[in-house]
2 protein chains.
Amino acid sequence: MTVLSLPPLDLDAAGGVGEEDSPLRSVATAVAVLDCFADEAELGATRVATRLGIAKSTACRMLAALATGGLLERTGSGRYRLGLRLFEYGQLAVDRLMLRDVALPAMGELRELLRETIQLGVVVGTDVLYVERAEAATMNVRFRSEHRRNPAHSSSAGRVLAAADPALVTAILERGLQRYTPFTVVDPLRYRQILASTREQGYATAREEFEPGWSSIAAPITLTRGGRPHPVAALSVVAPTSRILGPRKPAVVQGVRRAAARVSADLERARS
Amino acid sequence: MTVLSLPPLDLDAAGGVGEEDSPLRSVATAVAVLDCFADEAELGATRVATRLGIAKSTACRMLAALATGGLLERTGSGRYRLGLRLFEYGQLAVDRLMLRDVALPAMGELRELLRETIQLGVVVGTDVLYVERAEAATMNVRFRSEHRRNPAHSSSAGRVLAAADPALVTAILERGLQRYTPFTVVDPLRYRQILASTREQGYATAREEFEPGWSSIAAPITLTRGGRPHPVAALSVVAPTSRILGPRKPAVVQGVRRAAARVSADLERARS
DNA sequence: GCCCGCGTTCCGGTGTGCGGAACGCTGCTG
DNA sequence: CAGCAGCGTTCCGCACACCGGAACGCGGGC
């Protein structure tokens, strides 16, 4: 089994529902129906039909079929909601990367060492998706679903992953460096400079570039492929700025780099 | 928005792939294709075709359609694997229960108090599915995907949930009390006695009934519906037997009951 | 370099999913 | 209390999109 062959960054997946010209029209619309539930928690047949521009009867059949398959569940009032089977599939998808299990011990130790929240992120499209998180001592309700994915250019994890992947860099630049805070780096030239220094130093930082007050430091988890180490994921420490970019910064950098290196080694050994 | 209306325990979902007589045949087979990946990490068109008894060309089209939808990803050698989009959908499905976010703080505090692993479980079919886990101090690699779901009859969480749900009890008994360890309760009469005492005491225990050496204590998270409190989830402490069923048992019971009661109250308030 | 196995593509017939309209139902509202 | 409006669901006939079999291109392996 190949260990975590990085998905070839499907750019089209970033867009909206759109009209797929693929075969299996009904399956494509079924997936589009699922996508509708990314925005809203509960949907009925009429909403789905109008959103997708299909007949109401078609939407109803799609919803029923997805519900019998377990991908959707019926709420009391005839509407539908994402099903828990999707949770199981999603956990399996992450487990199959053979990354989380390898990284968990190191993440727990790093959390204990720094007493901060540790994140494990991979690239999907031009975003970083966090597939595991070791919360600081008291589990922080601040980290919710909306913090499970963020644009690669404004996060330290995205930088260590882009630093070694020119195709990802061009994809990020094509999409545009959107500004989220006054500190967000939006100049392509400056962004490339940051990536260059990331390559040199072996870690990346992001100072309040996505959410005011919160910064992060990340180091790459690599896998030697074709003789050269290739980043496949990133370990990042996220905390209020003063706690990791102040006097503690050297300790945090050393800690996250060591943890990422250990995960890389374990991942290499797990490649049986 | 209704908060966590318990899914009506789809019994058929427990079975294998099977032939659905529902409309939208292609969507049904697409779901069946997804189900194939519950067992194996990577699959090609031929394997899928033989497993489902469909033509190889059909399987190929299904795989391609699911891949363009992001539910599957292509691995290097033309085979397929569950896609990370499923992870996002799955996280959304759990978030929409408005249960995890409410329970996280209490779980973190209980973990700190007991220094043991805390699990948050819900019922799906006749199994308990754990949708969140607060690991003990060092994140334990022992808890992996195979520990994300287990039969309701052999877990403490399943008992507090079955204690107030006669329909679930009959479903569990119909399925049969499978033996996993020498301690597993497999006598229906004894099982009903245990449920009765669970109702009285307000918590449940399971002593090495699923995995030798590991036991658990659970308390119900309830939501008043129709004037009466109704369990919708369970908080459980899982640890080596001596650490929770020995002298510490009273403290553990009190801790998990208090935490579950707090989550219940918060959940009630969140029902705006 | 041969062969076997894979994933993919092509093509025609047919059965299946599409859309529009009609049906119960619930929960508003005048 | 009755009317209505909106919902999810069902029915039905036509068209077309999907299924299966066979052919293609490619890669790995005794």
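Residues numbered from 1 in each chain as written. Chains lettered and ligands numbered in written order. Predicted model: local features only at pLDDT ≥ 70, side-chain atom pairs only at ≥ 80, totals over all residues. Heavy atoms only, no water.

Per an unreviewed UniProt entry, chain A carries the name IclR family transcriptional regulator and comes from Actinomycetospora lemnae.

**Structural notes on the pattern of salt bridges**
All names here are of chain A. Scanning all chains against the criterion turns up 39 salt bridges over all chains. One salt bridge in this structure joins Asp-127 and Arg-149, with 3.0 Å as the shortest N-O distance. Here Asp-127 is found in strand E4 (residues 127-134), whereas its partner Arg-149 is found in strand E5 (residues 149-151), with 22 residues between them in sequence. Take Asp-127: its relative accessible area is 12%, and that puts it in the buried class. Of the charged contacts, one joins Arg-175 and Asp-127 as a salt bridge, the two residues approaching to 3.8 Å between their closest N and O atoms. Of this pair, Arg-175 sits in helix H7 (residues 166-175) while Asp-127 is found in strand E4, placing the two residues 48 residues apart along the sequence. (Salt bridge = Lys/Arg side-chain N within 4 Å of Asp/Glu carboxyl O. Helix = DSSP H or I, 4+ residues; strand = E, 2+ residues; numbered from the N terminus. Buried < 20%, exposed > 50% of the residue type's maximum accessible area, 1.4 Å probe, protein only.)

**Thoughts on the protein's contact with DNA strand D**
In the vicinity of DNA strand D lie 18 residues, with Arg25(A), Gly44(A), Thr46(A), Arg74(A) and Thr58(B) positioned nearest. Backbone atoms, meaning sugar and phosphate, make up 67% of the atoms of DNA strand D lying within 4 Å of the protein. At 2.3 Å, a backbone N or O of Arg25(A) approaches a phosphate oxygen of DNA strand D. Within the side chain of Thr58(B), a nitrogen or oxygen atom sits 2.6 Å from a phosphate oxygen of DNA strand D. Taken together, the elements giving at least two residues each to the surface near DNA strand D come down to helix H1 (25-36), helix H2 (45-52) and helix H3 (56-68) of chain A together with helix H3 (56-68) of chain B. Per-element tally for the surface near DNA strand D: the top contributor is H3(B), with four residues. Each residue belonging to the surface near DNA strand D can be placed in one class, and the counts come to six nonpolar, eight polar and four charged. (Near = heavy atom within 4 Å. Polar contact = N/O pair within 3.5 Å; in protein donor to acceptor, adjacent residues only side chain to side chain. Nonpolar A, V, L, I, M, F, W, Y, C, P; charged D, E, K, R; others polar.)

**What about the interface of chain B and chain A?**
In many analyses, interface size is given as the accessible surface area lost on bringing the parts together. Contacts between the two partners involve 69 residues from chain B, matched on the other side by 69 residues from chain A. Here chain B packs against chain A, burying approximately 6,300 Å² in sum over the two surfaces, 63% of which is carbon and sulfur. For the pair chain B and chain A, the number of links is six salt bridges. A salt bridge links Arg148(B) to Asp95(A), with the shortest nitrogen-to-oxygen separation between them at 2.9 Å. Secondary-structure elements contributing two or more residues to the side of chain B that touches chain A are helix H1 (25-36), H3, strand E2 (80-82), helix H4 (84-95), helix H5 (100-114) and strand E4 (127-134) of chain B. In terms of residues, the side of chain B that touches chain A owes the most to one element, H4(B), which gives twelve residues. Looking at the side of chain B that touches chain A residue by residue, the class counts come to 37 nonpolar, 13 polar and 19 charged. (Contact = heavy atoms within 4.5 Å. Buried area = accessible area lost by both parts, 1.4 Å probe.)

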